[in-house]
Structures are given as C-alpha cells and as structure tokens.
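A closer look at the structure
Here are the chains, one letter per residue:
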Amino acid sequence: DGISNWAKSQMSESPLLLPSLKFHDLVFGQVLGTGSFSTVKYARQIIKGKTRSYWPEFAIKIVSTQKIEEIGYENSINREIA
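Residues numbered from 1 in each chain as written. Predicted model: local features only at pLDDT ≥ 70, side-chain atom pairs only at ≥ 80, totals over all residues. Heavy atoms only, no water.

**Thoughts on the overall build of the protein chain**
Here is the rule we go by: Here a strand is any run of E in DSSP of at least two residues, a helix any run of H or I of at least four, and the numbering for each starts at the N terminus. Each residue is assigned to one of three classes by its accessible area relative to the maximum for its type, calculated with a 1.4 Å probe on protein chains only: buried under 20%, partly exposed between the two thresholds, exposed over 50%. Contacts are assigned to residue pairs with any non-hydrogen atoms lying within 4.5 Å of each other. In short, Shrake-Rupley with a 1.4 Å probe defines the accessible areas, and a residue's cover is counted only from the protein chains shown.
Scanning the protein chain from terminus to terminus reveals 3 helices and 3 strands. When the helices and strands of the protein chain are placed in sequence order, the string is α-β-β-β-α-α. A total of 82 residues make up the protein chain; the buried ones form 17% of that total. The contacts of the protein chain with a sequence gap of at least 6 include a subset with a gap of at least 24, amounting to 34%. Accessible area for the protein chain stands at about 6,200 Å²; split by element, carbon and sulfur atoms hold 55% of it.

**Quick notes on the sheet that holds strand β2 (residues 38-45)**
Defined as follows: Here, strands pair whenever DSSP counts at least two bridges between them. Inter-axis angles, ranging from 0 to 180 degrees, are taken between N-to-C directions of lines fitted to C-alpha atoms, where helices are fitted over the stretch in contact.
One open sheet holds the 3 strands; their spatial order is β1-β2-β3, and the pairing between them is antiparallel. One side of each edge strand has no neighbouring strand; the edge strands of this open sheet are β1 (26-34) and β3 (57-63). Direction aside, the axes of adjacent strands within the sheet are offset by 35° on average. As judged from the 7 bridges shared by β2 and β3, these two strands associate in the antiparallel manner. When the bridges of β3 are listed, Val40 appears paired with Lys61.

**Things to note about the environment of Ile68**
In this fold, Ile68 is placed in helix α2 (residues 65-71). Counting along the chain gives 30 residues from Ile68 to Ser38, while the straight-line C-alpha distance between them is 9.2 Å. The residues touching Ile68, leaving out its near neighbours within four places in the chain, are Trp6, Phe37, Val63, Tyr73, Glu74 and Ile77.

**Concerning the packing of aromatic side chains**
We count it as follows: For this analysis, a ring pair means two rings from Phe, Tyr or Trp (six-membered ring only for Trp) whose centres lie within 6.5 Å, classed as stacked if their planes differ by under 30 degrees, edge-to-face if by over 60, and tilted for the remaining angles.
Tallied over the full model, the rule gives 1 aromatic pair. Summarising the aromatic geometry, the rings of Phe23 and Phe28 are spaced 5.4 Å apart at their centres and angled 40° between planes, so their arrangement reads as tilted.

**Remarks on the side chain of Gln45**
Structurally, Gln45 can be placed in strand β2. In this view, Gln45 contacts Leu21, Asp25, Leu26, Trp55, Pro56 and Phe58; residues no more than four positions away in its chain are not counted.

**Focus: the environment of Ile47**
Among the secondary structure elements, Ile47 is positioned in the loop between β2 and β3. Classification of Ile47 by relative accessible area gives partly exposed; the value is 25%. As a C-alpha pair, Ile47 and Leu26 span 21 residues in sequence and 9.4 Å in three-dimensional space. Excluding residues that lie within four positions of it along the chain, Ile47 makes contacts with Trp55 and Pro56.

**So, the pattern of salt bridges**
Stated formally: One speaks of a salt bridge when a side-chain nitrogen belonging to Lys or Arg is within 4 Å of a carboxyl oxygen belonging to Asp or Glu.
Evaluation of the coordinates by the stated rule reveals 1 salt bridge. Here Glu57 and Arg44 are joined by a salt bridge, their closest N and O atoms 3.0 Å apart. In this pair, Glu57 is assigned in strand β3 and Arg44 in strand β2, connecting sequence segments 13 residues apart. When its relative accessible area of 16% is taken as the criterion, Arg44 is described as buried.

Here you go:
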C-alpha cells in the first residue's frame, strides 16, 4: 500500500493525552510556529450547543511523516509524543 509501518502507527488511535479529541472536531486558525518537519497551529474544539467563545483552545502540532522518515527521525518523534 506504500505506507510505512511507522506512518501507520502514527495514524492509529490518538496517543495518550487527549484520546477523545478528534481531528474533525477542531477548527484550525493561524500558524503559531514552524520547524523543520512540523507546523504548530491554533485550534478550537467545536462544542455543540455553546458559542465559539466557550470552545476550548489548543495548540496543535502537525507533523510531516514524510520528512521525518526522510531524515530518520522516527525515534525522536516517538519520545516527543510520549
């Protein structure tokens, strides 16, 4: 299928911290910062029945698995997630 085992493991269920938080429940805003293989974006979690001002705020790190694999940085990312 062309997807590495490491990339598949990263696409599995959300790791430890916020397992109930799903990507489709978020509204993304401006970029807060960028690095060599990731971008951090401002996001809010949509809470039905509440106005936007009551939605929880997050900083979401979006990681490029392709760049990580190219530079062989998988172990370091796994430590960062844990």
